Amino acid sequence: MSMDKRSLYDGLNQLEAELQNSLNNLGEMKQSLQEIVEKNTTLELENQRLREHIRELNLVADAPAESAKQELSKSRMNLEKIYEEGFHVCYDLYGSRREHDEPCAFCLEVIYRESGK
Ligand SMILES: [Zn+2]
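Calculation criteria
- Residues numbered from 1 in each chain as written.
- Predicted model: local features only at pLDDT ≥ 70, side-chain atom pairs only at ≥ 80, totals over all residues.
- Heavy atoms only, no water.
- UniProt positions renumbered as here; feature names shortened; annotations may be inferred.
- Phe/Tyr/Trp six-rings, centres within 6.5 Å; stacked < 30°, edge-to-face > 60°.
- Lys NZ or Arg CZ within 6 Å of the ring centre and 35° of its normal.
- Helix = DSSP H or I, 4+ residues; strand = E, 2+ residues; numbered from the N terminus.
- Contact = heavy atoms within 4.5 Å.
- Core = buried A, V, L, I, M, F, W, Y, C linked by side-chain atoms within 4.5 Å.
- Buried < 20%, exposed > 50% of the residue type's maximum accessible area, 1.4 Å probe, protein only.
- Donors = N, O, S within 2.8 Å, 3.2 Å for Na, K, Ca; no water.

Named according to an unreviewed UniProt entry, the protein chain is Replication initiation control protein YabA originating from Candidatus Enterococcus testudinis. You can read under Sequence similarities (unreviewed entry) in the UniProt record for the protein chain the words "Belongs to the YabA family." Quoted straight from UniProt, the Subunit (unreviewed entry) entry for the protein chain says "Homotetramer. Interacts with both DnaA and DnaN, acting as a bridge between these two proteins."

Which residues make up the packing of aromatic side chains, and what values do they have?
Throughout the structure, instances matching the rule amount to 0 aromatic pairs. Geometry around Tyr-94 places Arg-49 over its ring, the cationic atom sitting 4.6 Å from the centre. A cation over a ring is seen here: Arg-98 above Tyr-83, with NZ or CZ 3.8 Å from the ring centre.

Tell me about the UniProt feature "binding site: Zn(2+)" (unreviewed entry) in the protein chain, residues and numbers included.
The residues that UniProt annotates with the feature "binding site: Zn(2+)" (unreviewed entry) are His-88, Cys-90, Cys-104 and Cys-107. A maximum C-alpha distance of 8.3 Å among these annotated residues, which run over 20 residues, shows that they cluster at one spot. Tracing the chain through its elements places Cys-104 in the loop between helix 2 (65-84) and helix 3 (105-112). Setting aside residues no more than four positions away along its own chain, Cys-104 makes contact with Tyr-83, His-88 and Cys-90. Relative to the helices and strands, Cys-107 is located in helix 3. When neighbours within four sequence positions are excluded, Cys-107 is seen to be in contact with Tyr-83, His-88, Val-89 and Cys-90.

Residues and numbers for the nonpolar core, please.
What tends to happen in soluble globular proteins is that the nonpolar side chains get buried as a cluster. Formed by Leu-45, Leu-79, Ile-82, Tyr-83, Phe-87, Val-89, Cys-90, Tyr-94, Cys-104, Cys-107, Val-110 and Ile-111, the largest nonpolar core amounts to 12 residues. Those elements giving two or more residues to this core turn out to be helix 2 and helix 3.

Could you give an account of unusual backbone geometry, with specific residues and numbers?
Unlike most non-glycine residues, His-100 shows phi in positive territory, near 50°. Mapped onto the secondary structure, His-100 falls in the loop between helix 2 and helix 3. Notably, Asp-101 is not glycine yet its phi reads approximately 55°, a positive angle. One can find Asp-101 in the loop between helix 2 and helix 3. Take Asp-101: its relative accessible area is 48%, and that puts it in the partly exposed class.

An account of the coordination of the zinc ion is needed here, citing residue identities and associated values.
Protein coordination at the zinc ion: the donors are His-88 (ND1), Cys-90 (SG), Cys-104 (SG) and Cys-107 (SG), at 2.1 to 2.3 Å from the metal. Motif for the zinc ion, donor spacing along one chain: H-x1-C-x13-C-x2-C. As far as the burial class goes, Cys-104 and Cys-107 line up, both buried.

Okay, structure coming up:
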């Protein structure tokens with residue numbers, strides 16, 4: 001009888017260690033996923049910025065003012081969408097997660113600043 005208790009105890013200890021190990025792995029995987037998502041968002045934003053910049057350069061060269069305005073509001077809507085999905089679009093933090101969807105004045109500045117520098 002006491003042997004049974006002992007092997008039960010050993011078994012539980014082993015199971016506990018395995019669960020702890022799995023929990024650690026889960027934590028690491030979650031962390032990696034978070035990093036990948038943030039990196040992806042950063043790249044998306046960077047890509048968008050570069051495209052905007054190319055567009056601006058082209059617009060300055062040869063487009064009528066009205067379509068320049070339309071392009072600007074389109075890229076602004078993209079930034080707004082990313083912000084509403086819970087990521088920073090401001091220069092210092094862009095691509096990182098807005099914890100608990102905290103509002104960020106710098107992001108809002110980027111999205112809603114007046115056009116025309
Ligand atoms: Zn921000």
